[in-house]
Amino acid sequence: AMVHLLFDALAFKNDVQHWKHSRTGTGISARSVVLSGVSQVVVLLYLMDNDTSYIVTGPHCIQTLIDLWKITKALRLRFERKR
C-alpha cells in the first residue's frame, strides 16, 4: 500500500507540474477534461457513500481536486477577490 501511495504522490506531482507550466491548450480537449472531472467527482461520492478505506479515498480525493483545478485551467477560468 505504501508503494502505491508513493506512486500516487509522484503522479500527482507530475500532473500538476505539467498543467502548471502548460501555457497553451494545444492538443487538450476541454470537453474531455470536464468529463474526467465530473466522473472523478461521481466516483469519489460513491467511495465516500460505501465507507471505503481512507487509503483508497484519500488519494482519489486529491486526484478529484486536481481534476477540478485542471478544469479551470482548460477553460481558462479565473477567480478574483473583490477589494
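Residues numbered from 1 in each chain as written. Predicted model: local features only at pLDDT ≥ 70, side-chain atom pairs only at ≥ 80, totals over all residues. Heavy atoms only, no water.

### Considering the environment of Thr52
At step 1: Looking at the secondary structure, you find Thr52 in the loop between helix 2 (30-49) and helix 3 (54-74).
At step 2: Residue class for Thr52 comes out partly exposed when judged on its relative accessible area of 25%.
At step 3: Excluding residues that lie within four positions of it along the chain, Thr52 makes contacts with Leu47 and Thr57. (Helix = DSSP H or I, 4+ residues; strand = E, 2+ residues; numbered from the N terminus. Buried < 20%, exposed > 50% of the residue type's maximum accessible area, 1.4 Å probe, protein only. Contact = heavy atoms within 4.5 Å.)

### Things to note about the pattern of salt bridges
At step 1: Following the criterion strictly, the structure yields 2 salt bridges and no others.
At step 2: Its salt-bridge partner being Asp15, residue Lys70 comes within 3.1 Å of it at the nearest N-O pair. Placement of the pair is Lys70 in helix 3 and Asp15 in helix 1 (residues 2-21), with a sequence separation of 55 residues. Here Lys70 and Asp15 have matching classes, each one buried.
At step 3: One salt bridge connects Asp67 with Lys70, and the closest N-O pair in it is separated by 3.2 Å. (Salt bridge = Lys/Arg side-chain N within 4 Å of Asp/Glu carboxyl O.)

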